[in-house]
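Here is how the chains run, residue by residue.
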Amino acid sequence: MFQFAGPIARQTASPFACSACGNPAIEPPREFTDDAPIRCKGCGEALGTWGDLKRRTMQVLMAEATPGPGAPLPVSADPLCTAPPVSGL
């Protein structure tokens, strides 16, 4: 599980801030496989795996892209954030 749930992370504007130091930057893995470990670039804290980061990123993007009742569907060039087709149009 990705480690961004600490009190310092909640005080920052980024949903990806390190729970130990608040830094949102990561040290990328040497190989981009889902089980590759990643660490905070600021303090070196183990944050999880590349796969964890990808899943967390998808969760944040989808939460931001989910419109409220009556709101227009979001527009995004990101293929991961495509809204489901609307039936009946």
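Described below are features of the structure shown in this document. (Residues numbered from 1 in each chain as written. Predicted model: local features only at pLDDT ≥ 70, side-chain atom pairs only at ≥ 80, totals over all residues. Heavy atoms only, no water.)

**Description of the pairing of strand E2 (residues 37-40)**
Note that strand E1 (residues 26-27) and E2 share 2 bridges and pair antiparallel. Its bridge partner being in E2, Glu-27 is matched across the sheet by Arg-39. The pairing of E2 with strand E3 (residues 46-49) spans 3 bridges and is classified as antiparallel. Bridging from a neighbouring strand, Pro-37 pairs with Thr-49 of E3. Taking the residues that link successive antiparallel strands as the turn, the E2-E3 hairpin has 5 residues, and the phi of Gly-44 there is positive, at about 85°. (Pairing = 2+ DSSP bridges. Helix = DSSP H or I, 4+ residues; strand = E, 2+ residues; numbered from the N terminus.)

**Remarks on the nonpolar core**
Counting 9 residues, the largest nonpolar core is built from Phe-16, Cys-18, Ala-36, Ile-38, Cys-40, Leu-47, Trp-50, Leu-53 and Val-60. Of all elements in the fold, only E2 and helix H2 (50-65) reach the threshold of two or more residues within this core. With 3 residues, the top contributor of residues to this core is H2. (Core = buried A, V, L, I, M, F, W, Y, C linked by side-chain atoms within 4.5 Å. Buried < 20%, exposed > 50% of the residue type's maximum accessible area, 1.4 Å probe, protein only.)

**A short note on the sheet that holds E2**
The 3 strands are arranged E1-E2-E3 in an open sheet whose pairing can be described as antiparallel. Each edge of the sheet is formed by a strand with only one pairing partner; in this case those strands are E1 and E3. Lying over the sheet, H2 contacts E1, E2 and E3, oriented at roughly 85° with respect to E3. (Contact = heavy atoms within 4.5 Å. Axes fitted to C-alpha atoms, helices over the stretch in contact; angles between N-to-C directions.)

**Quick notes on the packing of aromatic side chains**
All told, the structure shown has 1 aromatic pair when counted by the stated rule. Arranged with centres 4.7 Å apart and planes meeting at 75°, the rings of Phe-32 and Trp-50 form a pair that is edge-to-face. Of this pair, Phe-32 sits in the loop between E1 and E2 while Trp-50 is found in helix H2, placing the two residues 18 residues apart along the sequence. (Phe/Tyr/Trp six-rings, centres within 6.5 Å; stacked < 30°, edge-to-face > 60°.)

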